[in-house]
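Structural overview for review
Next come the chains, spelled out residue by residue.
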Amino acid sequence: MAGYADKIRKDVARWSQDGLLSGDVAAALLRDIESRYGRGFSFGYVLAMMAALLLCAALLITVAANWEVIPRLGRVAALFALIAGGYVGGAVLKQRGHSEYGEAAWLIAAAAFGGSIALIGQMYHLSGDETQAILVWCGGTMLAAAGLRSPLLTVAAVALATVWLGYPVLQFSIDISHGFLLLIVALWALSMWSGSVAARHMILLALIFYCMLVFIDNGVLALIALAIGSAGVLVAAALRGDAVERLT
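Residues numbered from 1 in each chain as written. Predicted model: local features only at pLDDT ≥ 70, side-chain atom pairs only at ≥ 80, totals over all residues. Heavy atoms only, no water.

A word on the overall build of the protein chain
What the protein chain contains, in helices and strands, is 11 helices and zero strands. Helices and strands appear in the protein chain in the N-to-C order α-α-α-α-α-α-α-α-α-α-α. Across the 248 residues in the protein chain, those meeting the buried criterion constitute 31%. About 14900 Å² of surface is accessible on the protein chain, with carbon and sulfur atoms providing 70% of the total. (Helix = DSSP H or I, 4+ residues; strand = E, 2+ residues; numbered from the N terminus. Buried < 20%, exposed > 50% of the residue type's maximum accessible area, 1.4 Å probe, protein only. Areas by Shrake-Rupley, 256 points an atom, 1.4 Å probe, with all protein chains shown as cover.)

The following block contains the structure:
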């Protein structure tokens, strides 16, 4: 289906250039195609995302290795150069029509931002724990996603928010931060702004994870609240289906 949508986009652009379609009609057609089919997943897009994720992992592992052979200033400069290069390079790629590679570059820049937080904390022994660093990383990624209107960075921000919520579980404790709900509201608004349907799917999965943690911590009361909330969503979907569909 992605191939069909891409072909239609090219045809609309050609018809508009040849004067067969007015600018308003062409824009309306492109909006309709976008709403129905989105951008889809091409083989090149998948490879670009895999390469970006592997580079992100390599970057974070390198920071975790505490690379003492490189001077402090050199380490910080390298990470800040990656941040600037990733965001500027991604914007250039986007403008030239290479959307998937631009998004991949932005993802690498967001990973470099997280690596910078960890590295500066390492070098200067700053107080605070990992959850605070993850929250700052999430906030920075959200700002970048909002400024660049990036669906992929929105997905990354949702993933970081979920890691922030679940990180205490790795320490064998259930320490639920209910501020996660406020963060989720902000992420939902961000997903509407950036047009990221995948981020909204991840938000719903993250809310299920939150409910699981609340149940483990509070028992049956969490189940009652979840049942009431689910019934409310069901009633809203039955009475105002169109409005709910637009939001979700």
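After that view of the structure, there is still more to cover.
Structural notes on the packing of helix α7 (residues 151-170) against helix α8 (residues 179-194)
Between α7 and α8, the least distance of the axes is 10 Å, while the angle of their chain directions is 170°. With respect to each other, α7 and α8 are oriented roughly antiparallel. Taken together, the residues of α8 that come into contact with α7 (itself represented by P151, T154, A157, V158, A161, T162, W164 and L165) are G179, F180, L183, L187, L190, S191 and S194. Among the residues forming the contact of α7 with α8, the class breakdown is 10 nonpolar, five polar and no charged. (Axes fitted to C-alpha atoms, helices over the stretch in contact; angles between N-to-C directions. Parallel < 35°, antiparallel > 145°, perpendicular 65-115°, else oblique. Contact = heavy atoms within 4.5 Å. Nonpolar A, V, L, I, M, F, W, Y, C, P; charged D, E, K, R; others polar.)

Observations regarding the pattern of salt bridges
All told, the structure shown has one salt bridge when counted by the stated rule. Note that E103 is salt-bridged to K94, the shortest N-O span being 3.0 Å. (Salt bridge = Lys/Arg side-chain N within 4 Å of Asp/Glu carboxyl O.)

Describing the environment of L152
If you trace the backbone, L152 turns up in helix α7. When the C-alpha atoms of L152 and S196 are compared, they prove to be 7.5 Å apart, with 44 residues separating the residues in sequence. For L152, the residues in contact, after removing those within four places along its chain, are M49, E103, A104 and L107.

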